[in-house]
Amino acid sequence: MAVETKYVVVRKGEEKMTFANKKDADAWDKMLDMADAFTDWLQQHQPELGEAQAEALGLLLAEQKDAVQHILRTSKLPDIVKEEEVEAAPEASAETETEVEAAAPEKKVRAVKAA
């Protein structure tokens, strides 16, 4: 018989997520704390937002904190977000894929000698 240790993140008496290691569980718990803080802030500054909308936006902001921080620092979208939008856009035809591949610069491969 195998023994497994599981870490469960519980919020307001409800199990939110189960993890195999403590590090991931702590990271998820921290993200939920951040989402709660964003939700409270949104409700204070935009009282016309419904509670469900504020929670959804708070969770989105917490999940995308790296992108939010980048936007706050630079006032520009991070490259990762731009790449995801390009990948999400449907391809028009096989010809456009070939054109995109042809336009992309080739990666140079360097040989490295072992010591």
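Use the structure listed above.
Source: prediction; values computed, not measured.

## Describing unusual backbone geometry
Despite not being glycine, lysine 12 has its phi angle at roughly 55°, a positive value. The topology assignment puts lysine 12 in the loop between strand S1 (7–11) and strand S2 (14–19). The class of lysine 12 is exposed, set by a relative accessible area of 81%. Notably, serine 75 is not glycine yet its phi reads approximately 60°, a positive angle. Looking at the secondary structure, you find serine 75 in the loop between helix H3 (65–74) and helix H4 (79–88).

## Re the pairing of S2
Looking along a regular strand, one sees the side chains alternate between the two faces of the sheet. As paired strands, S1 and S2 are joined by five bridges and run antiparallel to one another. Paired with valine 10 across the bridge in S2 is glutamate 15. Linking S1 to S2, which pair antiparallel, is a turn of two residues; within it lysine 12 sits at a positive phi near 55°.

## Observations concerning helix H1 (residues 22–45)
Here H1 contains 24 residues, and its C-alpha end-to-end distance of 35 Å stays within 8% of the 34 Å for a straight helix at 1.5 Å per residue. Within H1 the residues assigned to the buried category are Ala25, Met31, Leu32, Ala35, Thr39 and Leu42. Check the buried side of H1 and you find it contacts S1, S2 and helix H2 (51–63).

## Side note on the environment of valine 8
As for its position among the elements, valine 8 is in strand S1. For valine 8, a relative accessible area of 38% puts it in the partly exposed group. Taking the C-alpha atoms as reference points, valine 8 and alanine 20, separated by twelve residues in sequence, lie 8.9 Å from one another. Setting aside chain neighbours within four positions, we find valine 8 in contact with Glu15, Met17 and Thr18.

## So, the layout of surface pockets
By volume, the largest pocket is sized at about 380 Å³. Lining the largest pocket are 14 residues, and of these Lys12, Lys16, Leu32, Asp36 and Glu55 lie nearest its centre. Among the elements of the structure, S2, H1 and H2 are those that each provide at least two residues to the lining of the largest pocket. Residue composition of the lining of the largest pocket, grouped by class: four nonpolar, two polar and eight charged.

## Looking at the side chain of arginine 11
Mapped onto the secondary structure, arginine 11 falls in strand S1. If we skip the residues at most four places from it in the chain, arginine 11 touches Lys16, Asp29, Leu32, Asp33 and Asp36.

## Looking at the pattern of salt bridges
Tallying each qualifying case throughout the model produces five salt bridges. When the shortest N-O distance is used, the salt bridge between arginine 11 and aspartate 33 registers 2.4 Å. Taken together, the positions of arginine 11 in strand S1 and aspartate 33 in helix H1 put the pair 22 residues apart, joining distant regions of the chain. Because the salt bridges share partners, they merge into one network encompassing Arg11, Asp29, Asp33 and Asp36.

The rules behind each value
Residues numbered from 1 in each chain as written. Predicted model: local features only at pLDDT ≥ 70, side-chain atom pairs only at ≥ 80, totals over all residues. Heavy atoms only, no water. Helix = DSSP H or I, 4+ residues; strand = E, 2+ residues; numbered from the N terminus. Buried < 20%, exposed > 50% of the residue type's maximum accessible area, 1.4 Å probe, protein only. Pairing = 2+ DSSP bridges. Expected span 1.5 Å × (residues − 1). Contact = heavy atoms within 4.5 Å. 1 Å grid on protein atoms, 1.4 Å probe; cavity = no way out; pocket = protein on both sides within 12 Å on 5 of 7 lines; lining within 4 Å. Points joined across faces, edges and corners; volume = space filled by probe spheres on them. Nonpolar A, V, L, I, M, F, W, Y, C, P; charged D, E, K, R; others polar. Salt bridge = Lys/Arg side-chain N within 4 Å of Asp/Glu carboxyl O.

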